[in-house]
Amino acid sequence: MPDIDSSAKRRMLGSSFVFSSLPDELLEELAGVCRLRKVERQAFVFHMGDEGDALFGVVQGLIRIWVPGTRGRELTLTLMEPGDIFGEIALLDGLERTANATAVVDSTLLVLDRSVFLKVLEREPSLSRHIIELLCEKLRGETTRIAEDAFFDLRVRLAKRLFSLLIGYGEAAQEGGELMLKMSQEELGNMLGVSREAINKQLSVWVRGGLIAVKHGKITLLDREGLKKEAAPSLE
């Protein structure tokens, strides 16, 4: 687990617009009561239906927010990256979680418990305004995602997601210094709300075209510019 002291916690909280305008003493107070939690790959941060008892910030790793669908399928709502904060809706109303959260890779989270957060929220109206802004931003993000799902085909959506994951979380491959990502085709399908077979079909096209290589559950990026072009027009 990364070593993160109180000042680092304070900087992380302050980097989010949710807390950016808080006085230093309030940031220090919040940082002092935050705790760290390590979540291993594929482990749950919380389940749908759990009590909303904490706010989370991603210190390191990648968290998938998702809901179950029919016939065992899953729908990924969003991916939370380092610096992102999530779980705010259940934190504010204390009701059940409306989605699952699992770690895509080994992750470290900053945790702010609801009981402490509400005490600060009650006496700081400016923090309430920031929370409203956060929810509005998330709504805009969901609108963008829905538009992509409606107007872009699987090739563009998968290329955009795969390119982002490789650049953000890929590791240097032994051959040629290219980026390599360990992620199953089923996981990619869950992120985009499509079947594993559909993912396999598109990946096979890119393998034949020399853009990527797929071996032993690992995807290696061979042609960065080629995959980026496949993600057009969303990356333009």
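Residues numbered from 1 in each chain as written. Predicted model: local features only at pLDDT ≥ 70, side-chain atom pairs only at ≥ 80, totals over all residues. Heavy atoms only, no water.

Before going further, it helps to spend a moment on the sheet that holds strand S5 (residues 74-80). Whenever strands of a sheet pair, they do so through backbone hydrogen bonds, lying parallel or antiparallel. On the basis of which strands lie adjacent, the open sheet formed by four strands has the order S2-S7-S4-S5 and antiparallel pairing. Strands with a single pairing partner mark the edges of an open sheet, and in this sheet they are strand S2 (44-46) and S5. Here the average twist between neighbouring strands, direction ignored, is 30°. With two bridges connecting them, S2 and strand S7 (residues 100-103) associate as antiparallel partners. Considered in S7, the bridge of Phe44 is made with Thr102. Along the sheet, helix H7 (residues 185-192) makes contact with strand S4 (63-68) and S5, crossing S5 at roughly 85°. (Pairing = 2+ DSSP bridges. Helix = DSSP H or I, 4+ residues; strand = E, 2+ residues; numbered from the N terminus. Axes fitted to C-alpha atoms, helices over the stretch in contact; angles between N-to-C directions. Contact = heavy atoms within 4.5 Å.)

The strand order across the open sheet built from four strands is S1-S8-S3-S6, with neighbouring strands paired in antiparallel fashion. The sheet terminates laterally at strand S1 (35-39) and strand S6 (85-86), the two strands that pair on one side only. Pairing analysis gives five bridges linking S1 to strand S8 (residues 107-113), with the strands arranged antiparallel. Within S8, the position partnered with Leu36 by the bridge is Leu110. Helix-sheet contacts for helix H4 (residues 114-123) involve strand S3 (54-60) and S8, and the interaxial angle to S8 is about 55°.

With 26 residues, the main nonpolar core has Leu203, Trp206 and Leu227 as its most contacted residues. Where this core is concerned, the elements lending two or more residues are helix H6 (154-169), strand S10 (179-182), H7, helix H8 (196-208) and strand S12 (218-221). Not counting the four nearest positions on each side in its chain, Leu227 is found in contact with Ala159, Leu162, Phe163, Leu166, Trp206, Leu211 and Leu221. Of all hydrophobic cores here, the second largest spans 20 residues; its members include Ile85, Leu91, Phe117 and Val120. (Core = buried A, V, L, I, M, F, W, Y, C linked by side-chain atoms within 4.5 Å. Buried < 20%, exposed > 50% of the residue type's maximum accessible area, 1.4 Å probe, protein only.)

So, on to the packing of aromatic side chains. According to the stated counting rule, one finds four aromatic pairs in the structure shown. Relative to Phe56, the ring of Phe46 lies with its centre 5.8 Å away and its plane at 35°, an arrangement referred to as tilted. Highlighted residues: Phe46 in strand S2 and Phe56 in strand S3, separated in sequence by ten residues. Look at Phe56 and you get buried, because its relative accessible area is 5%. (Phe/Tyr/Trp six-rings, centres within 6.5 Å; stacked < 30°, edge-to-face > 60°.)

Moving on, we get to H8. Taking 1.5 Å as the rise per residue, H8 with 13 residues should run 18 Å; its terminal C-alpha atoms sit 18 Å apart, in good agreement. Along H8, the positions that sit buried rather than exposed are Ile199, Gln202, Leu203 and Trp206. Buried residues along H8 cover an arc of 100° about the axis, so they all sit on one side. Across from the buried face of H8, at angles greater than 90 degrees, the exposed residues are Lys201 and Arg208. Phi turns positive one or two residues past the end of H8, at Gly210, with a value near 80°. (Expected span 1.5 Å × (residues − 1). Arc of directions from axis to C-beta.)

Counting across every chain of the model gives seven salt bridges. Glu28 is paired through a salt bridge with Arg10; the nearest N and O atoms lie 2.4 Å apart. Of this pair, Glu28 sits in helix H2 (residues 24-33) while Arg10 sits in helix H1 (residues 6-15), and the two are 18 residues apart along the sequence. Accessibility expressed as a relative area gives 36% for Glu28, which makes it partly exposed. (Salt bridge = Lys/Arg side-chain N within 4 Å of Asp/Glu carboxyl O.)

Before going further, it helps to examine the pairing of strand S11 (residues 212-215). Direction of pairing for S11 relative to S12: antiparallel, over a ladder of four bridges. Across the sheet, the residue bridging to Ile212 is Leu221, located in S12. What sits between S11 and S12 in their antiparallel hairpin is a turn of two residues, with His216 showing a positive phi close to 55°.

The next subject is H4. Burial in H4 covers these residues: Phe117, Leu118, Val120 and Leu121. Looking straight down H4, one finds that the buried residues subtend no more than 165° of arc, so they occupy a single side. Seen from the buried face of H4, the exposed residues on the opposite side, beyond 90 degrees, are Ser115, Lys119 and Glu122.

Let us look at unusual backbone geometry. Residues other than glycine seldom take positive phi values, yet Gln42 does so here, at roughly 80°. Examined against the element boundaries, Gln42 turns out to sit in the loop between S1 and S2. The backbone of His216 sits at a positive phi, close to 55°, despite the residue not being glycine. Residue classification places His216 among the exposed positions, given a relative accessible area of 67%.

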